Amino acid sequence: GSGLSVVTVAAYTGKASWLSIDGNNYSWSPLPTLGAIAPFSSRGPLRDGTQKPDITGPGFGVVSALSSGVVTTGLQPYIVPDGKHWIQAGTSMSAPMVSGLAALVLKKEGAITPAQMKTELNTFARTDVYTGAVPNVDWGYGKMSGKSADMTAPVVTVSAPNGAEVLTAGTSSNITWSATD
């Protein structure tokens, strides 16, 4: 993406192997490094030196909805056990992840400009040993982070079982809890 008012998204590896509907475990070949930039992810900058990509999302090894219209002959290794999802790879997977995060930011912030959205996403992007110093031509400002949408984890208190019980395999037990968010 080369538009200045759009958020462009790179992809990193989120899943290297998976269980298939056929009961076997599969992995990408060659085996990618979890958390590393995806080998197919486009690099920046733009020809004029403008920073691109803006941010990175999981895009190599994403479990996605499997359309009922897909002819699945020969695709069994990529279909996960529920038969309704499959493993995919591409910035076509990382872009919707960032779009979903942007929707949450819009819910929190209300109407904001594209520039304000970029700032929000970039300010809270995560860095790690793979991203190195950011911004850079591979990762943009880093890996997408839910912090930009102020997604506070719920507080969950389990009241039963309380730790003193002995639970037997193959039996049922009630669990009660309270949660706030």
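Rules of the game
Every residue gets a number counted from 1 within its own chain, in the order that chain's sequence is written. Totals for whole chains, interfaces and linings use all residues, but because this is a predicted model, local features are given only for residues with pLDDT of at least 70 and pairs of side-chain atoms are given and counted only at 80 or more. Note that water and hydrogens are dropped before the side-chain values are worked out from all heavy atoms of the structure. Helix and strand definitions follow DSSP, with helices as H or I runs of at least four residues and strands as E runs of at least two, each counted in order from the N terminus. What is meant by a nonpolar core is a set of buried Ala, Val, Leu, Ile, Met, Phe, Trp, Tyr and Cys residues, joined one to another through side-chain atoms within 4.5 Å. For the exposure calls, accessible area comes from a 1.4 Å probe over protein chains only, and a residue counts as buried if that area is under 20% of its type's maximum, exposed if over 50%, partly exposed in between. Contact criterion: two residues are considered in contact whenever any of their non-hydrogen atoms come within 4.5 Å of each other. Here, expected helix span is obtained from the residue count minus one, scaled by 1.5 Å. Polar contact criterion, stated in full: a pair of N or O atoms within 3.5 Å, where within protein one must be able to donate a hydrogen and the other to accept it, and residues adjacent in sequence count only if both atoms are side-chain atoms. Geometry is summarised by axes, namely lines fitted to C-alpha atoms with helices restricted to the contacting stretch, and by angles between N-to-C directions that run from 0 to 180 degrees. Orientation categories follow fixed angle ranges, with anything under 35 degrees roughly parallel, anything over 145 roughly antiparallel, 65 to 115 roughly perpendicular, and all other angles oblique. In this classification, Asp, Glu, Lys and Arg are treated as charged, Ala, Val, Leu, Ile, Met, Phe, Trp, Tyr, Cys and Pro as nonpolar, and every other residue, Gly included, as polar. A pairing counts as a salt bridge when a side-chain nitrogen of Lys or Arg comes within 4 Å of a carboxyl oxygen of Asp or Glu. For two strands to pair, DSSP has to find at least two bridges joining them.

Q: Help me understand unusual backbone geometry in this model?
A: Omega for the peptide link from Ser-29 to Pro-30 comes to 0 degrees, which places this bond in the cis form. For Pro-30, the location among the structural elements is in the loop between strand 3 (25-27) and strand 4 (55-65).

Q: Quick question: what am I supposed to make of the nonpolar core here?
A: Judged by nonpolar contacts, Val-9, Ile-55, Val-98, Leu-101, Ala-102, Val-105, Met-117, Leu-121, Ala-125, Met-144 and Ala-149 together constitute the single largest core of 11 residues. Taken together, the elements giving at least two residues each to this core come down to helix 1 (91-109) and helix 2 (114-123). In terms of residues, this core owes the most to one element, helix 1, which gives 4 residues. If near-sequence neighbours (up to four positions away) are discounted, Val-98 is found in contact with Val-7, Val-9, Ile-55, Gly-57, Leu-121 and Met-144. Residues Ala-11, Trp-28, Ala-38 and Phe-60 belong to the second largest nonpolar core, which totals 6 residues.

Q: It is not clear to me how helix 1 should be interpreted in this structure. Could you clarify?
A: One full turn of an α-helix is made of 3.6 residues, so residues set three or four places apart face in the same direction. End to end, helix 1 covers 26 Å across 19 residues, agreeing with the expected 27 Å (1.5 Å per residue, within 8%). Listing the buried residues of helix 1 in full gives Met-93, Ser-94, Val-98, Leu-101, Ala-102 and Val-105. Considering only its buried residues, helix 1 is in contact with strand 1 (9-13), strand 4, strand 5 (85-89) and helix 2. Backbone geometry just after helix 1 places Gly-110 at a positive phi near 85 degrees.

Q: Got a minute to help me understand the side chain of Thr-131 in this structure?
A: With respect to the helices and strands, the residue Thr-131 is situated in the loop between helix 2 and strand 6 (155-160). Polar side-chain contacts of Thr-131 include one of 2.9 Å to the backbone nitrogen of Asp-128. Not counting residues up to four positions away in its chain, the partners in contact with Thr-131 are Arg-126, Asn-136, Trp-139, Gly-142 and Lys-143.

Q: Honestly, helix 2 in this entry has me stumped. Any pointers?
A: Three or more residues of helix 2 are buried, namely Met-117, Lys-118, Glu-120, Leu-121 and Asn-122. Close packing links the buried residues of helix 2 with strand 4 and helix 1.

Q: It is not clear to me how the packing of helix 1 against helix 2 should be interpreted in this structure. Could you clarify?
A: If you want to describe how two helices pack, look at the angle between their axes and the distance between the axes. One can describe the packing of helix 1 onto helix 2 by two numbers: an axis separation of 11 Å at closest approach and a directional angle of 110 degrees. If you check the angle between helix 1 and helix 2, you find them roughly perpendicular. Of the residues in helix 2, those in contact with Val-98, Leu-101, Ala-102, Val-105, Leu-106, Lys-108 and Glu-109 of helix 1 are Met-117, Glu-120 and Leu-121. Looking at the contact of helix 1 with helix 2, its residues break down into 7 nonpolar, no polar and 3 charged.

Q: Please clarify how the pattern of salt bridges should be interpreted in this entry.
A: Between side chains of opposite charge, a pair can form as their charged atoms come close. One pass over the full model with this rule turns up 6 salt bridges. Between Lys-52 and Asp-54 there is a salt bridge, with its nearest N and O atoms 3.0 Å apart. The class for Asp-54 is buried, based on a relative accessible area of 4%. Its salt-bridge partner being Glu-120, residue Lys-108 comes within 3.0 Å of it at the nearest N-O pair. Of the two residues, Lys-108 is situated in helix 1 and Glu-120 in helix 2; the sequence distance between them amounts to 12 residues. You can call Glu-120 buried: its relative accessible area is 17%.

Q: What exactly am I supposed to notice about the sheet that holds strand 4 here?
A: Picture the strands of a sheet paired through backbone hydrogen bonds; they go either parallel or antiparallel. Taken in spatial order, the 3 strands line up as 1-4-5 in an open sheet, and their pairing is mixed. Where the open sheet ends on each side, the last strands, each with one partner, are strand 1 and strand 5. Taken pair by pair, the neighbouring strands of this sheet meet at an average axis angle of 45 degrees, ignoring direction. Examined bridge by bridge, strand 4 and strand 5 share 5 bridges and lie antiparallel to one another.

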